[in-house]
Protein chains: 2
Amino acid sequence: MSMHIALEEARRAAARQEVPVGAVVVAPDGRIVSQAGNRTEALNDASAHAELLAMREAARSLRSPRLAGCDLFVTLEPCPMCAAAAVHFRIRRVIFGAYDIKGGGIEHGPRIFQAPGCLHLPEVIGGVQETEAAALLKSFFAARR
Amino acid sequence: MSMHIALEEARRAAARQEVPVGAVVVAPDGRIVSQAGNRTEALNDASAHAELLAMREAARSLRSPRLAGCDLFVTLEPCPMCAAAAVHFRIRRVIFGAYDIKGGGIEHGPRIFQAPGCLHLPEVIGGVQETEAAALLKSFFAARR
């Protein structure tokens with residue numbers, strides 16, 4: 001269910017001409033605390049990735065700088081910035097859709113959670129509704145070429 | 001001059017009981033576009049590091065999601081999240097004060113700029129006014145023990 005909402009956020013991002021990635025933060029009791037799509041262009045903010053917006057909003061909503069016990073659902077493998085942010089926010093579990101060979105930071109690139117000095121290790125589940133998440137990205141970039 | 005302002009932001013952060021780190025973004029023409037101190041506790045936002053706040057504010061101010069040609073001055077070696085954000089923001093040069101053996105992400109940990117797939121490589125100058133930046137952090141943590 002949470003990944004369905006993340007995918008819906010990704011579709012809304014595409015409709016705004018933003019890279020279609022969506023994210024949802026789920027509290028330990030299963031409640032959805034926040035949901036967001038990528039807004040780098042709209043906000044003039046290269047860091048306004050769906051995951052970072054969703055984690056910031058969840059922390060504001062829960063009135064705690066950290067999100068212990070919360071899970072992050074995101075349609076694309078987080079980049080190194082968002083993976084490292086998930087460590088700072090103490091996210092319990094990162095569930096992502098498509099793998100990102102070029103830009104990913106969990107299973108690719110600097111592999112943030114395996115890097116020396118990583119203070120918190122979220123559980124990772126990749127490839128959840130991967131086909132749908134990847135298709136959204138593929139059609140977005142195909143239309144722009 | 002820019003590092004002096006970053007150090008002043010770090011001192012203000014300490015006065016707010018925040019980890020004393022300060023950052024400044026400088027435009028290609030030498031003008032200071034933004035300055036910020038760490039506000040993770042005040043904003044309930046684990047990602048509210050001085051660098052990320054300063055880069056976001058600079059991009060808002062310049063009305064561009066990216067900061068091509070801009071330099072980031074920060075009193076402490078950026079963490080992996082902020083180093084990766086500097087890549088997304090296309091920061092030209094990162095000038096930092098103290099080295100961060102445990103939490104740094106440029107010369108330590110995942111060494112973001114050297115990681116495979118890194119799309120943009122800022123120039124790095126470390127150790128600028130290192131002693132003063134490190135002393136601020138040291139006295140902050142000593143007082144909390």
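Rules used throughout
Residues numbered from 1 in each chain as written. Chains lettered and ligands numbered in written order. Predicted model: local features only at pLDDT ≥ 70, side-chain atom pairs only at ≥ 80, totals over all residues. Heavy atoms only, no water. Helix = DSSP H or I, 4+ residues; strand = E, 2+ residues; numbered from the N terminus. Rg over C-alpha atoms; globule rule 2.2 N^0.38 Å. Buried < 20%, exposed > 50% of the residue type's maximum accessible area, 1.4 Å probe, protein only. Contact = heavy atoms within 4.5 Å. Areas by Shrake-Rupley, 256 points an atom, 1.4 Å probe, with all protein chains shown as cover. Lys, Arg positive; Asp, Glu negative; His and termini not counted. Charge placed at Lys NZ, Arg CZ, Asp CG, Glu CD. Least-squares fit on C-alpha atoms with pLDDT ≥ 70 in both. Buried area = accessible area lost by both parts, 1.4 Å probe. Salt bridge = Lys/Arg side-chain N within 4 Å of Asp/Glu carboxyl O. Polar contact = N/O pair within 3.5 Å; in protein donor to acceptor, adjacent residues only side chain to side chain.

> Account for the overall build of chain A, with residues named and values stated.
When helices and strands are counted, chain A shows four helices and five strands. The C-alpha atoms of chain A give a radius of gyration of 14 Å, which matches the 15 Å a tight globule of 145 residues would have. For chain A, with 145 residues in total, the buried portion stands at 54%. At a minimum sequence separation of 6, the contacts of chain A that also span at least 24 residues come to 57%. Counting only carbon and sulfur atoms, one obtains 53% of the accessible surface of chain A, whose full area is about 6300 Å². Side chains of chain A give 17 positive and 15 negative charges; the mean places of these two sets differ by 3 Å.

> If you had to explain the relation of the copies chain A and chain B to someone new, which residues and values would you point to?
Note on the copies: chain A fits chain B at an RMSD of 0.0 Å, the axial shift is 0.0 Å, and the rotation between them is 180 degrees. The superposition of one copy onto the other is thereby described by a two-fold rotation axis. If distances are taken from each C-alpha of chain A to the rotation axis, the shortest is found for A:M81, at 2.1 Å. Of the interface residues in chain A, 100% have counterparts in chain B that sit at the interface too, so the contact is made through matching surfaces.

> Give a detailed account of the interface of chain A and chain B, specifying residues and quantitative values.
The interface of chain A with chain B comprises 30 residues on the first partner and 30 residues on the second. The contact between chain A and chain B buries some 2200 Å² in all, and 62% of this surface belongs to carbon and sulfur atoms. Interface area lost by chain A to chain B is led by A:N44, A:A46 and A:H88, which between them contribute 25%. Seen at the junction of chain A and chain B, the total is four salt bridges.

> Got a sec to walk through the environment of B:L137? Specific residues and values, please.
All names here are of chain B. Within the fold, L137 resides in helix α4 (residues 130-144). A C-alpha to C-alpha distance of 8.6 Å links L137 and A14, two positions 123 residues apart in sequence. Every residue in contact with L137, bar those within four places of it in the chain, is listed here: V19, P20, V21 and L76.

> Give me the side chain of B:E18: which residues, what numbers.
All names here are of chain B. As for its placement among the helices and strands, E18 is situated in the loop between α1 (2-15) and β1 (22-26). Although E18 is buried, it makes no salt bridge; R16 carries the closest opposite charge, 4.9 Å away. There is a polar contact of 3.0 Å between the side chain of E18 and the backbone nitrogen of E41.

> Describe the pattern of salt bridges, listing the residues and the values that go with them.
In this structure the tally under the stated criterion is 22 salt bridges over all chains. Residues B:R93 and B:E123 are paired through a salt bridge, measuring 3.3 Å at the closest nitrogen-oxygen approach. Residue B:R93 is located in strand β4 (residues 93-98), and its partner B:E123 is located in strand β5 (residues 123-125); the two are separated by 30 residues in the primary sequence. Residue classification places B:R93 among the partly exposed residues on the basis of a relative accessible area of 24%. A residue is classified by how much of its surface remains accessible, and B:E123, at 42% relative accessible area, is partly exposed. Each of A:E8, A:E9, A:R11, A:R12 and A:E132 takes part in one network of salt bridges that share partners.

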